[in-house]
Amino acid sequence: MTREDILDFLARAAEFEKRPNRHLLDERIVATLFFEPSTRTRLSFETAANRLGAKVIGFADPKVSSGVKGETLKDTIMMVSNYADIIVMRHFKEGAAAEAAKVSPVPIVNAGDGSNQHPSQTMLDLYSIYKTQGTLDNLTIHLVGDLKYGRTVHSMLQAMRHFNPTFHFVSPKELRMPEEWKQYCHDNNIRYVETEEFTPESIASADILYMTRVQRERFTDLDEYERVKDTYILTRSMLSQAKETMKVLHPLPRVNEIAEDVDDDPRAYYFQQARNGLFAREVILTKVLDIHP
Ligand code: CP
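What counts, and where the lines are drawn
Residues numbered from 1 in each chain as written. Predicted model: local features only at pLDDT ≥ 70, side-chain atom pairs only at ≥ 80, totals over all residues. Heavy atoms only, no water. Axes fitted to C-alpha atoms, helices over the stretch in contact; angles between N-to-C directions. Helix = DSSP H or I, 4+ residues; strand = E, 2+ residues; numbered from the N terminus. Parallel < 35°, antiparallel > 145°, perpendicular 65-115°, else oblique. Contact = heavy atoms within 4.5 Å. Pairing = 2+ DSSP bridges. Right-handed = clockwise from strand over helix to strand, strands pointing away. Near = heavy atom within 4 Å. Polar contact = N/O pair within 3.5 Å; in protein donor to acceptor, adjacent residues only side chain to side chain. Areas by Shrake-Rupley, 256 points an atom, 1.4 Å probe, with all protein chains shown as cover. Core = buried A, V, L, I, M, F, W, Y, C linked by side-chain atoms within 4.5 Å. Buried < 20%, exposed > 50% of the residue type's maximum accessible area, 1.4 Å probe, protein only.

Chemist: I would appreciate a short explanation of the packing of helix H6 (residues 151-160) against helix H7 (residues 179-187) in the present structure.
Modeler: Helix-helix packing is characterised by the crossing angle of the two axes and by the distance between the axes. Contact geometry of H6 with H7 gives a least axis separation of 10 Å together with a crossing angle of 10°. Relative to H7, the element H6 is oriented roughly parallel. Along its contact with H6, which presents His154, Leu157 and Gln158, the element H7 presents Trp181, Tyr184 and Cys185.

Chemist: Before we go on, may I ask you to explain the environment of Ala60 in this structure?
Modeler: Mapped onto the elements of the fold, Ala60 is located in the loop between strand S2 (55-59) and helix H3 (73-80). For the pair Ala60 and Asp265, spaced 205 residues apart in sequence, the C-alpha to C-alpha distance is 34 Å. Those residues in contact with Ala60 that lie beyond four places of it in its chain are Phe34 and Arg42.

Chemist: Please clarify how the sheet that holds strand S7 (residues 191-195) should be interpreted in this entry.
Modeler: Adjacent strands of a sheet pair through backbone hydrogen bonds, lying either parallel or antiparallel. Taken together, 5 strands build an open sheet; the order of strands is S7-S6-S5-S8-S9 and the sheet is parallel. The sheet is open, and its two edges are formed by S7 and strand S9 (247-249), each paired on a single side. Direction aside, the axes of adjacent strands within the sheet are offset by 20° on average. As judged from the 3 bridges shared by strand S8 (residues 208-211) and S9, these two strands associate in the parallel manner. Bridge pairing links Tyr210 to Leu249 in S9. Packing against the sheet, H7 makes contact with strand S6 (166-170) and S7, and its axis sits at approximately 150° to S7.

Chemist: Help me understand the pairing of S2, please; the structure alone is not making it clear to me.
Modeler: Across a regular strand the side chains alternate sides, sitting on one face of the sheet and then on the other. As defined by bridge partners, strand S1 (residues 29-34) adjoins S2 across 5 bridges and the pair is classed as parallel. Note that in S2 the partner of Ala31 across the bridge is Ile57. Each parallel crossover has a hand, and the one from S1 via helix H2 (residues 40-51) to S2 is right-handed.

Chemist: Could you clarify how one ought to interpret unusual backbone geometry in this entry?
Modeler: Excluding glycine, most residues fall at negative phi; most peptide bonds, likewise, are trans. The amide bond that connects Leu252 to the next residue, Pro253, takes the cis arrangement and shows omega of 5°. You can see Pro253 is positioned in the loop between S9 and helix H10 (270-288). The backbone of Leu252 shows a phi angle near 65°, a positive value even though the residue is not glycine. With respect to the helices and strands, the residue Leu252 is situated in the loop between S9 and H10.

Chemist: Which parts of the structure should I look at to understand the site of the ligand?
Modeler: Near the ligand you find Ser38, Thr39, Arg40, Thr41, Arg90, His118, Gln121, Pro251 and Leu252, and these make up its full shell. One nitrogen or oxygen atom from the main chain of Thr39 is found 2.7 Å from an oxygen atom belonging to the ligand. With respect to the ligand, the side chain of Arg90 contributes an N or O atom lying 2.9 Å from an oxygen atom. In isolation the ligand has 260 Å² of accessible area, and contact with the protein removes 91% of it.

Chemist: Help me out: how do you make sense of the nonpolar core in this one?
Modeler: The tendency in soluble globular proteins is for nonpolar side chains to be buried as a group. Core analysis: the biggest nonpolar cluster contains 52 residues, and Ile141, Leu143, Phe167 and Leu285 have the highest contact counts within it. Residue contributions to this core peak at 6 residues, all from H10. Val144, Leu209, Met211 and Val248 belong to the second-largest nonpolar core, a separate cluster that totals 19 residues.

Chemist: Hey, could you run me through the environment of Thr245 in this one?
Modeler: Looking at where Thr245 falls in the secondary structure, it is placed in the loop between helix H9 (222-228) and S9. Using a relative accessible area of 48% as the deciding quantity, one classes Thr245 as partly exposed. In sequence terms Thr245 and Thr132 are 113 residues apart; their C-alpha atoms lie 7.8 Å from each other. Setting aside residues up to four positions removed in sequence, Thr245 forms contacts with Gln133 and Asp207.

Following this line, the structure appears as structure tokens:
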């Protein structure tokens, strides 16, 4: 997406926030195929579809699909595209959405593919940043936690390249931002600093503090997971030097990385962020189906 595409997207999300219920997808069928667990992404896509008048089919658990009998992803997509106008898909394999899109006669929306990308999350993250900061330009964004397997942060880098950001990559050494994404930053003139420090002083420069979960399901070595899982825990007292306008975001679910006492701080924004997902996903469904409100 270009800078203009993104700004247009945000304007459309604001319109859906004002008026979320519209008959724009009457007589359309949206399929949601979730090969990995989800609460927010699936339910907000399904809510978006329902609020726009579409009907929803699909599965939240691949164990109830014929994948367990050995059906391939290609065949599953070919079947579902017989029934649905658009397929929203989450898969544990990196590149699965792109693979599906190659064979599918209907549009595929990537709702997360392994540790690779989570683009629809990025669109709601951008909307959340824009709503709270009034701009996407020239912001300092601290990405904290699992930057290796965290697909949300990989997608965010790409979208933010148009807006002159400064990133702080805050992670234990085992979960550093992968080289390919640091190369991406170099190639696109995105400034970043890499650090293991996570203190009230280090947080003070952030406009956005983007916390992430260390994802147990991505580790092949569970001892390593146990070693790193609680490296960073944000507590309310750690916000003592943070900007008043700073917002704490998290794609959720959280485990231990944000203490519950942060929830009552006005800078905590992660629950509203998840609500913004509904409006962002209403934009995605209408844009992908080429429906102009
Ligand atoms: N943010 C996110 O992807 O949450 P879910 O895994 O619950 O969909």
